[in-house]
Amino acid sequence: VLADHIDSGTTLVYSDMKVVNEHDEMLHPTYWTSRKNNYTDLTLLLIANTVTGAASMFRRELLSYLVPFPKRIGDAYHDNFIACTALSLGTIRYVSMPLYNYRQHAGNVYGHRAHGEERNTGQSRMSGIIIRLKQMFGTVLNLGPRLREYQSFYYTEYIRRVLIANVLSLRCPEMQEHKRKEIKRFVHLEKSFSGMLPEVVKNRISGRKMITLGYDELLLKSYLSVKILNKYYKLKKLFL
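All figures in this text were calculated on a predicted structure; none of them were measured in a lab.

Our next topic: the overall build of the protein chain. Regarding its fold elements, the protein chain presents nine helices and four strands. Reading the helices (α) and strands (β) of the protein chain from amino to carboxyl end gives β-β-α-β-α-α-β-α-α-α-α-α-α. Counting over 240 residues, the protein chain shows a buried share of 38%. Of the contacts formed within the protein chain by residues at least 6 apart in sequence, a portion of 74% connects residues at least 24 apart. Taken as a whole, the protein chain presents about 14,400 Å² of accessible surface, with 58% of it coming from carbon and sulfur.

The first and last C-alpha atoms of helix α3 (residues 78–89) sit 17 Å apart over twelve residues, in line with the 16 Å expected at 1.5 Å per residue. Of all twelve residues in α3, ten are buried, a share of seventy percent or more. By the burial criterion, the buried members of α3 are Asp-79, Asn-80, Phe-81, Ile-82, Ala-83, Cys-84, Thr-85, Ala-86, Leu-87 and Ser-88.

Here the focus is the pattern of salt bridges. One pass over the structure, following the stated rule, counts eleven salt bridges. Between Glu-149 and Arg-146 there is a salt bridge whose closest N-O contact spans 3.7 Å. On the criterion of helical spacing, the pair formed by Glu-149 and Arg-146 is a turn pair, its members being three residues apart in helix α5 (residues 143–171). The partly exposed category is assigned to Arg-146, whose relative accessible area is 31%.

The next point concerns the confidence of the model for the protein chain. On average, residues of the protein chain score 85 in pLDDT, and 84% of them reach the 70 mark or higher. Of the regions scoring below 50 in pLDDT, residues 118–122 engages in one contact with residues more than four places distant in sequence or in other chains. Within the model, the stretch residues 136–141 combines pLDDT values under 50 with one contact to residues more than four positions away or in other chains.

Scanning the model with the defined rule gives ten aromatic pairs in all. Ring geometry for Tyr-154 versus Tyr-158: centroids 5.4 Å apart, planes at 65°, classification edge-to-face. One end of the pair is Tyr-154 and the other is Tyr-158, both in helix α5 and four residues apart, which spans about a single turn. Pair check on accessibility: Tyr-154 and Tyr-158 agree, each one buried.

Among the eleven residues that make up strand β1 (residues 10–20), ten are buried, leaving the element largely enclosed by the rest of the structure. The pairing of β1 with strand β3 (residues 56–58) spans three bridges and is antiparallel. Bridge assignment links Leu-12 to a residue of β3, and that residue is Phe-58. Both β1 and strand β2 (residues 26–28) contribute to a ladder of two bridges, which runs antiparallel. Looking across to β2, one finds that Val-19 is bridged to His-28. The turn joining β1 and β2, which pair antiparallel and follow one another in sequence, is formed by five residues; a positive phi near 65° is taken by Asp-24.

Ranked by internal contacts, the top residues of the largest apolar core, which has 44 residues, are Tyr-14, Leu-46, Ile-92, Tyr-158, Leu-168 and Met-196. The set of elements that each furnish at least two residues to this core consists of β1, α1 (42–47), α3, β4 (91–103), α5, α6 (177–189), α7 (193–205) and α9 (215–239). Per element, the largest residue contribution to this core is eight residues, and it comes from α5.

Moving on: unusual backbone geometry. Of the consecutive residues Val-67 and Pro-68, the connecting peptide bond is found in the cis state with omega at -5°. With respect to the secondary-structure elements, Pro-68 resides in the loop between α2 (63–66) and α3. Look at Asp-24: it is not a glycine, yet its phi comes out positive at around 65°. With respect to the secondary-structure elements, Asp-24 resides in the loop between β1 and β2. Using a relative accessible area of 47% as the deciding quantity, one classes Asp-24 as partly exposed.

About the thresholds
Residues numbered from 1 in each chain as written. Predicted model: local features only at pLDDT ≥ 70, side-chain atom pairs only at ≥ 80, totals over all residues. Heavy atoms only, no water. Helix = DSSP H or I, 4+ residues; strand = E, 2+ residues; numbered from the N terminus. Buried < 20%, exposed > 50% of the residue type's maximum accessible area, 1.4 Å probe, protein only. Contact = heavy atoms within 4.5 Å. Areas by Shrake-Rupley, 256 points an atom, 1.4 Å probe, with all protein chains shown as cover. Expected span 1.5 Å × (residues − 1). Salt bridge = Lys/Arg side-chain N within 4 Å of Asp/Glu carboxyl O. pLDDT = per-residue confidence, 0-100. Phe/Tyr/Trp six-rings, centres within 6.5 Å; stacked < 30°, edge-to-face > 60°. Pairing = 2+ DSSP bridges. Core = buried A, V, L, I, M, F, W, Y, C linked by side-chain atoms within 4.5 Å.

As structure tokens, this is what we get:
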């Protein structure tokens, strides 16, 4: 089925998946229970992967652009780099038919999560507001640890994405000009607060948060945390 969807301009094709448990009982008839799929926007694909490697088929010619894989930083995933490379060089196609079972074990560290599966559905609106206020108050009191947590996110998640973008720029000189501009723009986002903020706002307005899963917002917070901590350490060195 995947092979039938590969034409001359297609570099990679992937399918939907049924989500099943360890007993092969179906949990969801599709992987996209609440999250939106994306296989056309390169910037969004760099921010949050939507292409599962086991559901994919790609052209043999793509291998020369893929290996060696970039240096592993944080939780690096091969399928994300493969998908970004494929989209940089051509077109990704999606088959909406679920072609295999995505097995979700009860103890999975990573895997499928449907929207609301981890929420307390019996929670009242007032108790929810109280919990959020407590969280906000706790964040203020624990600003230092939270900043360092975001700083760690920056040096793994953010830098890994910038590395992938730079590798694509170097390895794929024949990519179309508008995609080259997307790559260049993404690399620039890491250098300026004014670059990432509009991206986050645009994704919220357009409903793309269902694609990014809030990773764009986390990347922005991690960038700000690094800048704030760097200023703090410079001031500390001056006065202490």
